[in-house]
Amino acid sequence: MPVDGDVPWDCAPHTGAKHDIYQRYLERWFPILLAGANAYPSVTYAEGFSGPGVYKGGEPGSPVIAMRALVAKVPKAKGVARFAFIDDDQRCVDMLLKTLKKEFPERPRTDAAMPVKVVHGTCATHLEATLDEMRAWGQPIFANLDSWGNAPVPYRLLRRLAGNVSSEVIVTLYPQHFVRFVSKHGEASDAVFGGDPTWRTVVDLAPEAKRRHILTCYRQALRAAGFPYLLDFELIPRTGQPLYLIFGTGHPLGVQKMKDSLWEVDRAQGVGFRDPRDEQAETLFDVNQPVLGPLTRLLTQRLRGSGPVRVEDLREFALLETVYRPEHVIKALKPLMDQGVLSIQGRGALWRSSVVSLVEASSV
Ligand SMILES: C[S@@+](CC[C@H](N)C(=O)[O-])C[C@H]1O[C@@H](n2cnc3c(N)ncnc32)[C@H](O)[C@@H]1O
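Within any chain, residue numbers begin from 1 and follow the written order of that chain's sequence. With pLDDT at 70 or above as the cut-off, local features in this predicted model cover only qualifying residues; side-chain atom pairs require 80 or more to be listed or tallied, and sums for whole chains, interfaces and linings still use all residues. Each side-chain value is derived from all of the structure's non-hydrogen atoms; neither hydrogens nor water enter the calculation.

1. Remarks on the layout of surface pockets
Turning to step 1, where the next piece is worked out: Note on definitions: the grid is 1 Å and covers protein atoms alone; a cavity is a set of points where a 1.4 Å probe fits but cannot get out; a pocket is an open set with protein on both sides within 12 Å along at least five of seven lines; lining residues have an atom within 4 Å of a point. Grid points are joined across faces, edges and corners, and a volume is the space filled by probe spheres set on the points. A volume near 850 Å³ is recorded for the largest pocket.
Turning to step 2, where the next piece is worked out: Contributing to the lining of the largest pocket are 38 residues, with Asp146, Ser147, Trp148, Asn150 and Tyr174 lying nearest its centre.
Turning to step 3, where the next piece is worked out: Secondary structure is summarised from DSSP: a helix means a run of H or I of at least four residues, a strand means a run of E of at least two, and numbering begins at the N terminus for each. Every element with two or more residues in the lining of the largest pocket is listed here: α1 (13-35), α2 (62-73), α4 (123-133) and α6 (175-180).
Turning to step 4, where the next piece is worked out: When grouped by side-chain class, the residues that make up the lining of the largest pocket number 16 nonpolar, 16 polar and six charged. Charged means Asp, Glu, Lys or Arg here, nonpolar means Ala, Val, Leu, Ile, Met, Phe, Trp, Tyr, Cys or Pro, and polar covers whatever is left, Gly included.

Pasting the structure below:
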């Protein structure tokens, strides 16, 4: 859907935080895949909803951030980096072309080493065809699918990306879009969830459970598309609507690098993030003193009903199932020890090698 208003538009605080994450992640992604020990001959960075490349205040848009990340972090001689940008608003396409020329007056790489395509069309009709045309398949693709939150991305494309070597997606989702107008959504919206209408049961849920339900359904769709590792989180500005990012990858290393990028985000922008699975929806604003309450609750849930668990397994749970890092786990277990509800096998101290269990789940 073309932009409803002027192009370019203001850069909202959560957009700044989102850009910070893209930048930090891509500054890791490009060098690992093009200049690392197991480098590929080529990679592709693709956007289905590229925008004009610049904001009203002059802030760079995601296409510029991605190109800068490549140029800053990968030596010229290393591999081919393709860039594909799709947008269905002609004004965004025109402005992106102009912005890229202004940002890179000298081509940072030859056309052969860095082919760039800016295409007018929808993500649904033009992204896959552009990737075909650029011969991107068979080499890693990072697809940034940053729509207005309604994620009009063909499921077939997600499946093809998931099946492609070392490929990843990051999708912007506003569950409110689906919650508010559920009765008006036709079959096209089921397609967003891989054709599964389960998301529609959102009408029967309590208000606080609705967003989580939509996210869970979208996670399931991405998993069913073939992404075994997912990371989703909620960016919370001090004022305004929260934003959800869902990242899908075939490798735990991708999750780890995305999480490192998330925890490094500049909090000065006044944007926190949150684990969508935390029942108390506590926002994590201060990165220097991570708020570990939500992780303590998530670990408690994980331990409830299970027998003894190795701390090492809880670290993996934190990495793959929460927004937290493995190194947060031991600290987050401490309050449970202090309350006397966590037992350590052998009664020793709490180490990565310890085996722990809940003493009495109901008192936590
Ligand atoms: C959130 S903005 C993208 C911002 C950009 N990724 C950035 O971070 O700088 C969404 C863009 O998607 C475009 N758009 C909306 N629906 C689209 C569709 N179905 N296919 C392609 N582009 C679409 C809009 O014109 C708008 O430029």
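2. Describing the domain arrangement of the protein
Turning to step 1, where the next piece is worked out: Entries for the protein in the domain assignment read domain 1 (13-274) and domain 2 (293-363).
Turning to step 2, where the next piece is worked out: Of note, the centres of domain 1 and domain 2, computed from C-alpha atoms alone, are 33 Å apart.
Turning to step 3, where the next piece is worked out: If you look at the interface, domain 1 gives 15 residues, while domain 2 gives nine residues.
Turning to step 4, where the next piece is worked out: Two parts placed together each lose some accessible area under a 1.4 Å probe, and adding up what both lose gives the buried area. Counting each side, the surface lost to burial between domain 1 and domain 2 is near 900 Å², with a carbon and sulfur contribution of 60%.
Turning to step 5, where the next piece is worked out: Area buried by domain 1 at its contact with domain 2 is led by Lys259, Asp260 and Trp263, which between them contribute 49% of it.
Turning to step 6, where the next piece is worked out: Every case where a carboxyl oxygen of Asp or Glu lies within 4 Å of a side-chain nitrogen of Lys or Arg is listed as a salt bridge. In this structure, Glu321 engages Arg219 in a salt bridge whose closest nitrogen and oxygen atoms are separated by 3.8 Å.
Turning to step 7, where the next piece is worked out: Polar contacts, as counted here, are pairs of nitrogen or oxygen atoms within 3.5 Å of one another; within protein the pair requires one atom able to donate a hydrogen and one able to accept it, and residues that are adjacent in sequence qualify only if both atoms are side-chain atoms. Where domain 1 packs against domain 2, one counts six residue pairs in polar contact (both at pLDDT 80 or more). By convention here, the domain bounds are inherited from an automatic or database domain assignment. In what follows, residue pairs with any heavy atoms lying within 4.5 Å of each other are defined as contacts.

3. Topic: the pairing of strand β2 (residues 80-87)
Turning to step 1, where the next piece is worked out: Working definition: with a 1.4 Å probe on protein chains only, accessible area under 20% of the residue-type maximum means buried, over 50% means exposed, and in between means partly exposed. The element β2 is extensively covered by neighbouring structure, given that seven of its eight residues are classed as buried.
Turning to step 2, where the next piece is worked out: Two strands are said to pair when DSSP picks up at least two bridges between them. Two elements, strand β1 (residues 42-47) and β2, share six bridges in a ladder whose sense is parallel. When the bridges of β2 are listed, Ala46 appears paired with Ala84.
Turning to step 3, where the next piece is worked out: Handedness of a crossover: with both strands directed away from the viewer, a clockwise path from the first strand across the helix to the second marks it as right-handed. Regarding topology, α2 serves as the crossover connection from β1 to the parallel β2, and that connection is right-handed.

4. Overview of the site of the ligand
Turning to step 1, where the next piece is worked out: Residues are classed as near a molecule or strand on a simple rule: at least one heavy atom within 4 Å of it. Around the ligand, the structure places 23 residues, and the nearest of them are Met1, His19, Ser62, Asp87 and Asp146.
Turning to step 2, where the next piece is worked out: The separation between a nitrogen atom of the ligand and a polar main-chain atom of Phe49 is 3.2 Å.
Turning to step 3, where the next piece is worked out: Within the side chain of Asp87, one N or O atom sits 2.6 Å away from an oxygen atom of the ligand.
Turning to step 4, where the next piece is worked out: Against a free-state accessible area of 610 Å², the protein chains account for coverage of 95% of the ligand. Per-residue accessibility takes into account occlusion by the displayed protein chains alone, with areas from the Shrake-Rupley method and a 1.4 Å probe.

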